Amino acid sequence: MSSKNVARLSARIFGRLPFKTDHKSYKVVKAFRQKPKGPQIVDYMQPIQRFNSLMLRLRHMGLYHDQHLDFLEENERKRRIKGKVPPKKGQGKRASKKR
């Protein structure tokens, strides 16, 4: 066996890297050596509904502008002006025939 093979085997046995690495690469090695974070990270769910409700409140107060919702509302307003939205309950063609 050559000295390289012996060095590689000893590094493998004692848990060291068999080759030289720079500082950036070694950060990755250190991160993978740590134990996994566990269930507190895996089971974490972001409070999306709470966040959305808070953003809607801010929007109604005028403190936040959501461009996507503004766009949707503008399109809905234009459709309403053109008469493309469905009528409200009790105001359609069939309801007007009964009177």
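Small disclaimer: the values here were computed from a predicted structure and weren't measured.

A. Region of interest: the overall build of the protein chain. Helix and strand content of the protein chain: 6 helices and 0 strands. Along the chain direction, N to C, the helices and strands of the protein chain fall in the order α-α-α-α-α-α. For 99 residues, the compact-globule formula gives about 13 Å, and the C-alpha radius of gyration of the protein chain, at 32 Å, lies well above that figure. Referenced to the eigenvectors of the C-alpha coordinate spread, the extents of the protein chain come out at roughly 100 × 35 × 25 Å. Sorting the 99 residues of the protein chain into buried and exposed places 4% on the buried side. In the structure as shown, the protein chain presents an accessible area of about 10400 Å², 57% of it carried by carbon and sulfur atoms. Charge-centre separation for the protein chain: the mean point of 27 positive side chains lies 8 Å from the mean point of 7 negative side chains.

B. Region of the structure containing the environment of His-68. Inspection of the secondary structure puts His-68 in helix H5 (residues 67-82). In this structure, the C-alpha to C-alpha distance between His-68 and Ala-11, residues 57 residues apart in sequence, is 56 Å.

C. Inspection of a nonpolar patch on the surface at higher detail. A cluster of nonpolar side chains, Met-1, Val-6, Leu-9, Ile-13 and Phe-14, forms an exposed patch at the surface whose accessible area comes to about 600 Å². Turning to its location among the elements, Phe-14 is positioned in helix H1 (residues 3-14). Here Phe-14 falls in the exposed class, since its relative accessible area comes to 61%.

D. Local environment of a positive patch on the surface. Among the surface-exposed residues, Lys-78, Arg-79, Lys-82 and Lys-84 lie close enough to one another that they form a single positively charged patch. Counting through the fold element by element, Lys-84 comes out in the loop between H5 and helix H6 (93-98). Of the residues examined, Lys-84 reaches a relative accessible area of 55% and is grouped as exposed.

E. Summary view of the pattern of salt bridges. All told, the structure shown has 4 salt bridges when counted by the stated rule. A salt bridge links Arg-77 to Glu-74, with the nearest nitrogen and oxygen atoms 2.6 Å apart. Taken as a pair, Arg-77 and Glu-74 lie in helix H5 at a separation of 3 residues, close to a single helical turn. The exposure class assigned to Arg-77 is partly exposed, which follows from its relative accessible area of 40%. Note that Arg-80 and Glu-76 form a salt bridge whose closest N and O atoms lie 3.7 Å from each other. With Arg-80 and Glu-76 both in helix H5 and 4 residues apart, this pair spans about one turn of that helix. Since its relative accessible area comes to 31%, Glu-76 is described here as partly exposed. Because the salt bridges share partners, they merge into one network encompassing Arg-59, Asp-70 and Glu-73.

Reading the values: rules and limits
Residues numbered from 1 in each chain as written. Predicted model: local features only at pLDDT ≥ 70, side-chain atom pairs only at ≥ 80, totals over all residues. Heavy atoms only, no water. Helix = DSSP H or I, 4+ residues; strand = E, 2+ residues; numbered from the N terminus. Rg over C-alpha atoms; globule rule 2.2 N^0.38 Å. Buried < 20%, exposed > 50% of the residue type's maximum accessible area, 1.4 Å probe, protein only. Areas by Shrake-Rupley, 256 points an atom, 1.4 Å probe, with all protein chains shown as cover. Lys, Arg positive; Asp, Glu negative; His and termini not counted. Charge placed at Lys NZ, Arg CZ, Asp CG, Glu CD. Patch = residues over 30% accessible without salt bridge, like charges linked within 9 Å, V, L, I, M, F, W, Y side chains within 5 Å. Salt bridge = Lys/Arg side-chain N within 4 Å of Asp/Glu carboxyl O.

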